[in-house]
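So the chains spell out like this:
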Amino acid sequence: MVLERGRRRKPLLIGGAVVAAAGLAFGLYWFEPWKLWVEDTVNEAVPSVSAAPNASTSANPPAAPRTVAQGTLISHEHATTGTVKLLRLADGSHVLRVEDLDTSNGPDLRVWLTDAPVVEGIAGWRVFDDGKHVSLGALKGNKGDQNYAVPPEVNLADYTSLAIWCDRFDVSFGAAALKPV
């Protein structure tokens with residue numbers, strides 16, 4: 001009888017261990033907790049447009065990018081600081097530049113232009129996917145200076161803010177209202 005009870009427990013213990021291991025693997029995959037200790041620093045230069053190939057660069061140097069809108073990042077889900085500038089390059093294209101960024105690393109972070117208002121506190125964490133938004137790509141690093149090309153088909157008049165968006169958990173790490181300059 002005692003031997004029979006031990007035989008019944010063994011499959012339960014093995015099954016429990018398999019379920020626990022699968023749960024741990026899923027949790028590690030989904031939350032990526034190691035990113036809490038990993039910092040990715042990016043230091044990109046301010047973008048410029050090179051002169052036309054036949055033009056004399058000394059006579060007509062390329063025009064410097066012009067800031068058309070800017071804002072200061074506020075914290076949402078994670079402490080986030082830095083400034084954001086929407087730059088118009090000499091060829092008419094636009095680049096979103098994030099300077100002095102300092103935020104937490106996280107899974108699946110994106111840089112979004114949105115039409116949502118920037119609201120401080122918990123009320124502002126989840127508003128950016130409620131309306132119109134366009135992803136400029138994955139966040140290149142959680143620290144430093146970085147540039148994101150704005151696709152030419154994007155009507156910038158439709159977007160009033162930037163969000164560093166965690167696509168995995170549908171939450172803003174930080175955001176900035178873009179005010180025309």
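To start, this report covers the structure provided alongside it. (Residues numbered from 1 in each chain as written. Predicted model: local features only at pLDDT ≥ 70, side-chain atom pairs only at ≥ 80, totals over all residues. Heavy atoms only, no water.)

In space, the five strands of this open sheet follow the order β3-β10-β9-β6-β7, with antiparallel pairing throughout. The open sheet terminates on both sides in strands that have one partner only, identified here as β3 (74-75) and β7 (133-138). Pairing of β3 with strand β10 (residues 171-177), which is carried by two bridges, proceeds in the antiparallel orientation. Looking across to β10, one finds that I74 is bridged to A175. (Pairing = 2+ DSSP bridges. Helix = DSSP H or I, 4+ residues; strand = E, 2+ residues; numbered from the N terminus.)

Another point: the pattern of salt bridges. Tallied over the full model, the rule gives eight salt bridges. Salt-bridge contacts for K143 lead to E39; the nearest nitrogen and oxygen are separated by 3.9 Å. A residue pair is termed long-range when its members are at least 10 positions apart, and K143 in strand β8 (residues 143-150) and E39 in the loop between α1 (2-31) and β1 (41-43) qualify at 104 residues. Look at K143 and you get buried, because its relative accessible area is 16%. In this structure E39 comes out as exposed when scored by relative accessible area, which is 54%. Its salt-bridge partner being D145, residue R97 comes within 3.9 Å of it at the nearest N-O pair. One end of the pair, R97, is in strand β5 (residues 94-102); the other, D145, is in strand β8, and 48 residues separate them in sequence. The class for R97 is buried, based on a relative accessible area of 4%. The class of D145 is buried, set by a relative accessible area of 18%. Salt bridges here are not isolated pairs; linked through shared partners, they connect K85, R97, E99 and D145. (Salt bridge = Lys/Arg side-chain N within 4 Å of Asp/Glu carboxyl O. Buried < 20%, exposed > 50% of the residue type's maximum accessible area, 1.4 Å probe, protein only.)

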